[in-house]
Every structure is written in structure tokens, then in C-alpha cells.
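# What the coordinates show
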Amino acid sequence: MAAVSSGAVILEDDGSRVTLQYVCVGCGRAQPGTTNTSQPGQNAYCDMSYRCYSCGRENNFRLFGS
Ligand SMILES: [Zn+2]
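Thresholds, definitions, all that
Residues numbered from 1 in each chain as written. Predicted model: local features only at pLDDT ≥ 70, side-chain atom pairs only at ≥ 80, totals over all residues. Helix = DSSP H or I, 4+ residues; strand = E, 2+ residues; numbered from the N terminus. Buried ≥ 20, exposed ≤ 12 C-beta atoms within 10 Å, placed from the backbone. Core = buried A, V, L, I, M, F, W, Y, C linked by C-beta atoms within 7 Å. Contact = placed C-beta atoms within 7 Å. Pairing = 2+ DSSP bridges. Axes fitted to C-alpha atoms, helices over the stretch in contact; angles between N-to-C directions.

### Describing unusual backbone geometry
- The backbone phi angle of N43 is positive, close to 60°, even though this residue is not glycine.
- Tracing the sequence through the fold places N43 in the loop between β4 (35-38) and β5 (45-51).
- Residue classification places N43 among the exposed residues on the basis of 8 C-beta atoms within 10 Å.

### Some points on the nonpolar core
- Counting residues in hydrophobic clusters, the biggest one holds seven residues: A2, V4, A8, V18, L20, Y22 and L63.
- Top contributing element to this core by residue count: strand β3 (residues 17-22), with three residues.
- When near neighbours in sequence (up to four residues on either side) are disregarded, L20 contacts V4, A8, I10, L11, T34, T35 and T37.

### What to know about the pairing of β5
- Relative to strand β6 (residues 58-64), β5 runs antiparallel, the two being bridged by seven bridges. Directly across from C46, in β6, lies its bridge partner L63.
- Counted along the chain from β5 to the antiparallel partner β6, the turn is six residues long, and its residue G56 has a positive phi close to 85°.

### Details of the sheet that holds β4
- Pairing is antiparallel in the open sheet, where three strands are placed in the order β2-β3-β4. Both edges of this open sheet fall to β2 (8-13) and β4, since each of them pairs with a single strand only. The average undirected angle you get between the axes of adjacent strands in this sheet is 35°.
- Direction of pairing for β3 relative to β4: antiparallel, over a ladder of four bridges. Looking at the pairing, V18 lines up with T37 of β4.

### Looking at the sheet that holds strand β1 (residues 3-4)
- Strands sit in the order β1-β6-β5 across an open sheet of three strands; the sheet is antiparallel. Lying at the two open borders of the sheet, with one neighbouring strand each, are β1 and β5.

So this is what it looks like as C-alpha cells:
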């Protein structure tokens, strides 16, 4: 299973692709829609970011492969 730091949650992980829901660290709001991305792979990670639609906070989080 992939893992993710604060700022997003994993909805689905099929071993090659991961579906993420962004959840703002600042205000706790889930962002509209989901994001589907490649799993980074074993011992690898991917840094991702987005701006909260509600409070405008810039959120940075890390997606870890497995
Ligand atoms: Zn926010």
C-alpha cells in the first residue's frame, strides 16, 4: 500500500495507480474532486502540492510508494 503525509488521503490503491483526495491541513476541508496518479514505486516518493479552494493555504504533502 502507498502512504501519504498530512494534506491528502488515499481513496484507492491498486498497486500501480493511487486515487487521492486532497484535505487541507489548514481548514480541514476536502477539496472538490479526486486526483489519480502513478504510485511512486518501492522506496520512492513523490512531492505534491495544491492550493486550498477555501482558505487559500498552499499544501505540500508527500506520497510514498510501497
Ligand atoms: Zn484550507
